Amino acid sequence: MTKPLRILIAEDEPLNLARLSRLLQAAECEIVAEVTDGPGVFEWLNKGEAVDALFLDIQMPGLSGLDVVADLPRPFPIVFVTAYSEHAVRAFEQAAVDFLLKPVTAERLAKTLERLRSPREHATPEAPKPTGPFRYPVKAGQGLVFLDLAKTTHFTFEDGIVWAHAGDRFRTLWQTLTEAETALAGRGLLRSHRHLLLRPEAVVGVRAGEFGRIVARLAGGVELEVSRGAAPALKKRLGLS
Amino acid sequence: MLALLLTNLSFAVLLGWILANKERAEEREAEAVQAATIAKARALQSQMSPHVLFNAISGLTELVWKDQKATEEALVNLAHLLRNLLDSSTRPVDPLTSERAIVEQYLAVERIRLGARLRVEWDWDEHLESHLVPPLMLQPLVENAIKHGIAPSRDGGALRIFLRPEGSGFCLGVANTGAPFEEGRPEGIGLRNLRERLSLLGERPECLTLRKQEAWTVAELHLGLTPEASQ
């Protein structure tokens, strides 16, 4: 039997929230949280409980669904739910799994759930983790060299390339930051922004940024903005909360 | 001599025809400009945001599972509102009673969407409500207050709709305690349309004001005394 999908719903309109919750439960999903605004999503995620997908209304108080996704500390399967299709293009630019128009129907929702379930059901077993200091390949001329992760401060995604920053900037073999995050899972890196994967041990200082974000300072004076969503996790890792 | 007279007469007739023709052309041009102005003013007249309408309809698809009578009432109200919005575009003026009726219907739709986050109070001088105004002056102010004030606020807010005498005319306005008004923020499309419509209707631009007063954001229309609807 398939494990029920654990869903967080963010919707500010009571009847629309009730409808989506009812339809998801009827489709044997588990509603792990119902929040009524954008900041509520981060408040819940910061508890660290498990969730398989986020169903986000686009127009909500505090932060829109699109803003929430831009500030998420790590990627989640996202389904946007909205009354009007004007945001569809931006939603898919944010790599949403699906985009539902209100009123949501059971039939249409079933297709969304199928999309959400398929990657889980066809997931390949985890590869064995290497032992010893972890190194990863980067491009060097015609060949590859292996960099020590402990000497890397952060990874960024720019111009379609995942760059490793280890004193200098090196081109990695990963196509996306999510791919890098998956390859480096369990090695203490923190998705600090949509385009930034940070090694908290490389942070030498922090200061408050705008709108609840924080700015992390690395050795050499490089400053990196950490999203509002990722800020609590970084503070925790730095022993600040 | 006769030939000279005939020549002058012909010239006078020709000149008269040219002048009359020019006058007719100018009249036609003025009529065309006026028609275009009216058409533009009507096009700018409030059209309820599709976002509000779709959300409300979606809400009703759930309400029908919980309370059939409330759903029926809401659908009847929605039909009245849509009909009134369409009808108002065909009339040059409406009494303020009609403005209030449309806003009450509109607020009933918004309540489906926002629930208890929307708290409405009226401060309405009934002695003034027979005065005639161009249609849909009040509804865009209410929609603007909900869109930028109540809806973006986590706890919603109070919405106060008022009509009160002011000098020789009256003041029609909407205040809300939702998300605070930011001075200098560019106006949204609803207020811009309303301002342009007022200008096309010959009103002064300063007759529409938007300001902050303690916890309230206040939008006001200051209008001179207008004719009253015949009883």
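This brings us to the sheet that holds strand β2 (residues 30-35) of chain A. In sheet architecture, strand pairing relies on hydrogen bonds along the backbone and comes in two forms, parallel and antiparallel. Residues and elements named next belong to chain A. Taken in spatial order, the five strands of this open sheet run β2-β1-β3-β4-β5, and their pairing is parallel. Where the open sheet ends on each side, the last strands, each with one partner, are β2 and β5 (98-101). For this sheet the average axis-to-axis angle between neighbouring strands, irrespective of direction, equals 20 degrees. In this structure, strand β4 (residues 78-82) lies alongside β5, joined through four bridges in parallel fashion. Note that in β5 the partner of V79 across the bridge is D98. Packing of helix α1 (residues 14-26) onto the sheet brings it into contact with β1 (6-10), β2, β3 (53-57) and β4, and relative to β2 it is tilted by some 170 degrees. Across the sheet, helix α2 (residues 38-45) lies against β1, β2 and β3, angled at about 150 degrees from β1, the strand it touches most.

With 17 residues of chain B at the interface, the matching set in chain A holds 14 residues. Sorting elements by how many residues they give to the side of chain B that touches chain A places helix α2 (residues 50-66) of chain B first, with ten residues.

Turning our attention to the nonpolar core. Residues and elements named next belong to chain B. In terms of nonpolar packing, the biggest core is built from 39 residues, with V142, A145 and V174 touching the most fellow members. Breaking this core down by element, the ones donating at least two residues are α2, α3 (68-88), α4 (96-114), α5 (138-150), β4 (157-166), β5 (169-176), α6 (189-200) and β7 (216-223). With eight residues, α4 is the single largest residue contributor to this core. If sequence neighbours within four positions are ignored, A145 has contacts with I150, L159, V174, N176 and A219.

Rules of the game
- Residues numbered from 1 in each chain as written.
- Chains lettered and ligands numbered in written order.
- Predicted model: local features only at pLDDT ≥ 70, side-chain atom pairs only at ≥ 80, totals over all residues.
- Pairing = 2+ DSSP bridges.
- Helix = DSSP H or I, 4+ residues; strand = E, 2+ residues; numbered from the N terminus.
- Axes fitted to C-alpha atoms, helices over the stretch in contact; angles between N-to-C directions.
- Contact = placed C-beta atoms within 7 Å.
- Core = buried A, V, L, I, M, F, W, Y, C linked by C-beta atoms within 7 Å.
- Buried ≥ 20, exposed ≤ 12 C-beta atoms within 10 Å, placed from the backbone.

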